[in-house]
There are 2 protein chains.
Amino acid sequence: MENLPQHFDSVFTVDCIIFGFDEGELKILLIERNEEPFNGWFALPGYFVEKTESIESAAERILYECTGLKGIYMEQFYTFGALERHPQGRVITVAYYAMIRLTNQKDLKPVTTFARQAVWMPVKDMPELAFDHSRIFRKGFEKIRNKISYQPIAFELLPEKFTLTQLQHLYEVILNKKLDKRNFRKKMLAYDILKELDEKQKGVSYRAAKLYKFDKRKYAKHFNKELTFTKE
Amino acid sequence: MENLPQHFDSVFTVDCIIFGFDEGELKILLIERNEEPFNGWFALPGYFVEKTESIESAAERILYECTGLKGIYMEQFYTFGALERHPQGRVITVAYYAMIRLTNQKDLKPVTTFARQAVWMPVKDMPELAFDHSRIFRKGFEKIRNKISYQPIAFELLPEKFTLTQLQHLYEVILNKKLDKRNFRKKMLAYDILKELDEKQKGVSYRAAKLYKFDKRKYAKHFNKELTFTKE
DNA sequence: TTGCTTAGTGTAAAAATTACACCTTATATT
DNA sequence: AATATAAGGTGTAATTTTTACACTAAGCAA
């Protein structure tokens, strides 16, 4: 049997959009590039995929190298391959996104030289990014905004225990619109995927709200899925 | 400025799921392979992407080479890159789908040697396909089934003029369930994207039904989109 | 005690979805 | 011409889902 035709080989990469929610703001992870082209520009965490790894594991490895974050499950959403997206030739990139809980993951340490640093950037302050990463980001953001309207996937962004008001704020930030408090609660509780705890919010100077937890088992029942982020 | 790091190069391909609707059946285009591996097996139309073309244009070119069909707009839906999907090494494939009108496109002539022939295969008779193409097909089919439930995208499959019953049959075949005639019509007409013609079905041995046309302009208004298949 | 701030709650109207059955019309058959 | 056949075409009531909307309760701070 012949070998694969090597002359077709193309350069390809993965790029990751990692969402976080902190201080009431939606943020994403960016790296400051330390390589030409676009040296010094902000970019999505991403790099070249090796020949010997699957795309998924490449995404996980590269995210770790860029930021020090480990074991983040990401969902693929689109593959970009326009001729002009890289100044030195056609580079195909497979884009992933994930939502993560920021608690204890705020300190980012790149384990590589191609990223000078990694930062949490509020979505509302996003600068122009290297390559076509701004476009990739817009497409990914649209995707989760769309997805969240028919599937409650946002729990990954909150601390383990959260109040309904926190959850509502998160939705409002992602959907970019105000929601009605009573209707939001009614709907959310109707999903029956939250577990009400015997515990209250602490350290607030007003009436403390009940805390809730996301209940994976109930979620799986309702949506016929194991996890918030679905495997292929 | 340095060049792109060539040692990362990967082999990659596109594969296409082309849906057609004929004789009340949903069909897809398959080719019979004329190359190792999987010589003689059925496979999705697909081949290697050149270094100098975008993925989209590669998809269009390759579909033409496999089948003789030209100018089909396809929508990308997923990229597969598991290590074991090709026996000779990691091959990444970007998968696309499209729905096309079968009228006058039933004769397929491959313009290449890697496909022995192209055929319209009823979805219900699908054989096991080469590589992981069966899995790719299942994922693509699920995608359109899902999409059609919230966006009327199936008109591309019908002849230009069609009856509501034909449209309903198509929906039933894709969704794999019976629909209520009155409710289906009510909903379809409520979308306000069909144009009722002053013309009736011909050559039937029973009462002829009114013919309708898909109205692109109205569709664009309602869904804020130019076409049935959406550009990125 | 009072004031401040957020928590928490219900109901009515409107809209969308579902369930359901019969008469009409064109053709083919006798 | 009459009849049989087969699909076309239509409306309404019940149910469910979604929306709009405002006040009292609780906890903390001064």
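Comments concerning the side chain of Arg 33 of chain A
Residues and elements named next belong to chain A.
At step 1: Topologically, Arg 33 is positioned in strand β2 (residues 25-33).
At step 2: Nearest to the buried, unbridged Arg 33 among oppositely charged side chains is Glu 35, at 4.5 Å.
At step 3: Within the structure, the side chain of Arg 33 is placed 2.9 Å from the backbone oxygen of Pro 37, a separation counted as a polar contact.
At step 4: When near neighbours in sequence (up to four residues on either side) are disregarded, Arg 33 contacts Phe 38, Asn 39, Gly 40, Trp 41, Ala 43, Phe 114, Arg 116, Ala 130 and Phe 131.

Let's talk about the sheet that holds strand β8 (residues 161-162) of chain B
Residues and elements named next belong to chain B.
At step 1: With antiparallel pairing, three strands are arranged side by side in an open sheet as β8-β10-β9. Of all strands in the sheet, those with a lone pairing partner are β8 and β9 (194-200), marking the two edges.
At step 2: Bridging between β9 and strand β10 (residues 210-214) involves four bridges; their strand directions are antiparallel. Bridging across to β10, Lys 195 finds its partner in Lys 213.

Overview of the environment of Tyr 171 of chain A
At step 1: The residue Tyr 171 of chain A is located in helix α3 (residues 164-175) in this model.
At step 2: Those residues within four positions of Tyr 171 of chain A in sequence are excluded, and the remaining contacts are Ile 148, Pro 152, Ile 153, Ala 154, Asn 176, Leu 179, Phe 184 and Met 188 of chain A.

What to know about the domain arrangement of chain A
All names here are of chain A.
At step 1: Domain parsing of chain A yields domain 1 (6-148) and domain 2 (160-223).
At step 2: For domain 1 and domain 2, the distance between their C-alpha centroids amounts to 29 Å.
At step 3: The interface of domain 1 with domain 2 comprises eight residues on the first partner and nine residues on the second.
At step 4: When domain 1 packs against domain 2, close to 770 Å² is buried across both sides, 77% of that on carbon and sulfur atoms.
At step 5: One can count zero salt bridges joining domain 1 with domain 2.
At step 6: Here domain 1 and domain 2 share one residue pair in polar contact (both at pLDDT 80 or more) between them.
At step 7: Sorting elements by how many residues they give to the side of domain 1 that touches domain 2 places helix α2 (residues 133-148) first, with four residues.
At step 8: Among the residues making up the side of domain 1 that touches domain 2, the classes are represented as five nonpolar, one polar and two charged.

So, the state of the cysteines
All names here are of chain B.
At step 1: Per the counting criterion, the structure on display carries zero disulfides over all chains.
At step 2: For the unlinked cysteine Cys 16, the closest cysteine sulfur is that of Cys 66, found at 7.2 Å.
At step 3: Relative accessible area serves as the criterion here: at 0%, Cys 16 is assigned to the buried category.
At step 4: According to the relative accessible area criterion, Cys 66 is buried, its value standing at 0%.

A look at the protein's contact with DNA strand D
At step 1: Around DNA strand D, 18 residues are found, and the nearest of them are Asn 183 and Lys 186 of chain A together with Thr 165, Lys 181 and Lys 210 of chain B.
At step 2: Within 4 Å of the protein, the contacting atoms of DNA strand D are 38% sugar and phosphate, with bases supplying the remainder.
At step 3: Arg 182 of chain A has a polar side-chain atom sitting 3.2 Å from a base nitrogen of DNA strand D.
At step 4: A distance of 3.2 Å separates a base nitrogen of DNA strand D from a polar side-chain atom of Arg 207 of chain B.
At step 5: Those elements that provide at least two residues to the surface near DNA strand D are α4 (181-191) of chain A together with α4 (181-191) of chain B.
At step 6: Here the surface near DNA strand D takes four residues from α4 of chain B, the largest share from any one element.
At step 7: Across the surface near DNA strand D, the residue classes tally to four nonpolar, three polar and 11 charged.

A look at α4 of chain B
All names here are of chain B.
At step 1: Of all the positions in α4, only Phe 184, Met 188 and Tyr 191 are classed as buried. Buried residues of α4, viewed axially, fall in a sector of 50°; they line one side. In α4, those exposed residues whose orientation departs by more than 90 degrees from the buried face are Arg 182, Lys 186 and Ala 190.
At step 2: Considering only its buried residues, α4 is in contact with α3 (164-175), β9 and α5 (216-223).
At step 3: The first or second residue beyond α4 is Asp 192, which carries a positive phi of 60°.

Reading guide: rules and limits
- Residues numbered from 1 in each chain as written.
- Chains lettered and ligands numbered in written order.
- Predicted model: local features only at pLDDT ≥ 70, side-chain atom pairs only at ≥ 80, totals over all residues.
- Heavy atoms only, no water.
- Helix = DSSP H or I, 4+ residues; strand = E, 2+ residues; numbered from the N terminus.
- Buried < 20%, exposed > 50% of the residue type's maximum accessible area, 1.4 Å probe, protein only.
- Lys, Arg positive; Asp, Glu negative; His and termini not counted.
- Salt bridge = Lys/Arg side-chain N within 4 Å of Asp/Glu carboxyl O.
- Polar contact = N/O pair within 3.5 Å; in protein donor to acceptor, adjacent residues only side chain to side chain.
- Contact = heavy atoms within 4.5 Å.
- Pairing = 2+ DSSP bridges.
- Domains from an automatic or database assignment.
- Buried area = accessible area lost by both parts, 1.4 Å probe.
- Nonpolar A, V, L, I, M, F, W, Y, C, P; charged D, E, K, R; others polar.
- Disulfide = S-S within 2.5 Å.
- Near = heavy atom within 4 Å.
- Arc of directions from axis to C-beta.

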